Amino acid sequence: MANDNETVVRRFYEALSTGDSAQVDESLAADWEALPALRAGDGPEGWKASIAHLRGVFSDLTVEIEHVVVNRDMVAVRAVSRGKHTGELLGVEGTGREIEFPAADFHQVVDGRIVRTWHLEDYFSIATQIGLEFTRGA
């Protein structure tokens, strides 16, 4: 059975999977901070802009939560996102490839809202799946 903090965090991911901005407003504090910082900015509006961007890059975007650990005000999540690369990312136009990338997040929840999120995503995996090639320097 999910506790209240876990339920709030699950809404955060549901918003990414569905694009439902009401879920963002229900899960994030007005002064929510993402670490590292989002290019779109902090707060609910920054996350909404990031969701719109990601859903534009990856059509049929879904997020599967694989593990959740709750410890008082902290909720750790390991999730896998999947979608079709249809929009420009990292200078690469949409390839039509199915992409899968894991992420790990730690969310701090205070008074029923997420106030801070530490996020780590496997960008190298995304880059190689969309066709970027990396070479070793001499």
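Look a little higher up for the structure.
Residues numbered from 1 in each chain as written. Predicted model: local features only at pLDDT ≥ 70, side-chain atom pairs only at ≥ 80, totals over all residues. Heavy atoms only, no water.

### Description of the sheet that holds strand β2 (residues 58-71)
Spatially, 5 strands are ordered β1-β5-β4-β3-β2 in an open sheet, and the strand pairing comes out mixed. The sheet is open, and its two edges are formed by β1 (28-35) and β2, each paired on a single side. Adjacent strand axes in the sheet meet at a mean angle of 25 degrees when their direction is disregarded. Two strands pair when backbone bridges link them, and strand β3 (residues 74-85) and strand β4 (residues 98-110) are joined in this way by 11 bridges, in the antiparallel orientation. Its bridge partner being in β4, Gly83 is matched across the sheet by Ile99. Seen against the sheet, helix α1 (residues 4-18) touches β1, β2, β3, β4 and β5 (113-121) and runs at an angle of roughly 170 degrees to β2. Here helix α3 (residues 43-57) sits on the sheet in contact with β1, β2 and β3, set at roughly 130 degrees to β2. (Pairing = 2+ DSSP bridges. Helix = DSSP H or I, 4+ residues; strand = E, 2+ residues; numbered from the N terminus. Axes fitted to C-alpha atoms, helices over the stretch in contact; angles between N-to-C directions. Contact = heavy atoms within 4.5 Å.)

### Some thoughts on the pattern of salt bridges
Following the criterion strictly, the structure yields 8 salt bridges and no others. Glu45 is the salt-bridge partner of Lys48, the closest N and O atoms lying 3.2 Å from each other. Of the two residues, Lys48 and Glu45 are both situated in helix α3; the distance of 3 residues between them amounts to about one turn of the helix. Since its relative accessible area comes to 56%, Glu45 is described here as exposed. As a salt-bridge pair, Glu66 and Arg78 come within 2.7 Å of each other at their nearest N and O atoms. With Glu66 in strand β2 and Arg78 in strand β3, the pair connects residues that are 12 residues apart, well separated along the chain. Looking at Arg78, the relative accessible area reads 37%, which means it is partly exposed. (Salt bridge = Lys/Arg side-chain N within 4 Å of Asp/Glu carboxyl O. Buried < 20%, exposed > 50% of the residue type's maximum accessible area, 1.4 Å probe, protein only.)

### Observations concerning the nonpolar core
Among the nonpolar cores identified, the biggest contains 27 residues, and Val9, Phe12, Leu28, Trp32, Trp47, Phe58 and Ile114 are the most heavily contacted of them. Counting only elements with at least two residues in this core, the list comes to α1, β1, α3, β2, β3 and β4. Here this core gets 6 residues from one element, more than from any other, and that element is α1. Aside from chain neighbours lying at most four places away, what touches Val9 is Val75, Val77, His107, Val109 and Ile114. (Core = buried A, V, L, I, M, F, W, Y, C linked by side-chain atoms within 4.5 Å.)

### A word on the packing of aromatic side chains
Counting across every chain of the model gives 6 aromatic pairs. Ring geometry for Phe124 against Phe134: centres 5.1 Å apart, planes inclined by 35 degrees, an arrangement best described as tilted. Of the two residues, Phe124 is situated in helix α4 (residues 123-129) and Phe134 in the segment after α4; the sequence distance between them amounts to 10 residues. Accessibility expressed as a relative area gives 53% for Phe124, which makes it exposed. Members of the aromatic cluster, joined through ring pairs, are Phe12, Tyr13, Trp32 and Trp47. (Phe/Tyr/Trp six-rings, centres within 6.5 Å; stacked < 30°, edge-to-face > 60°.)

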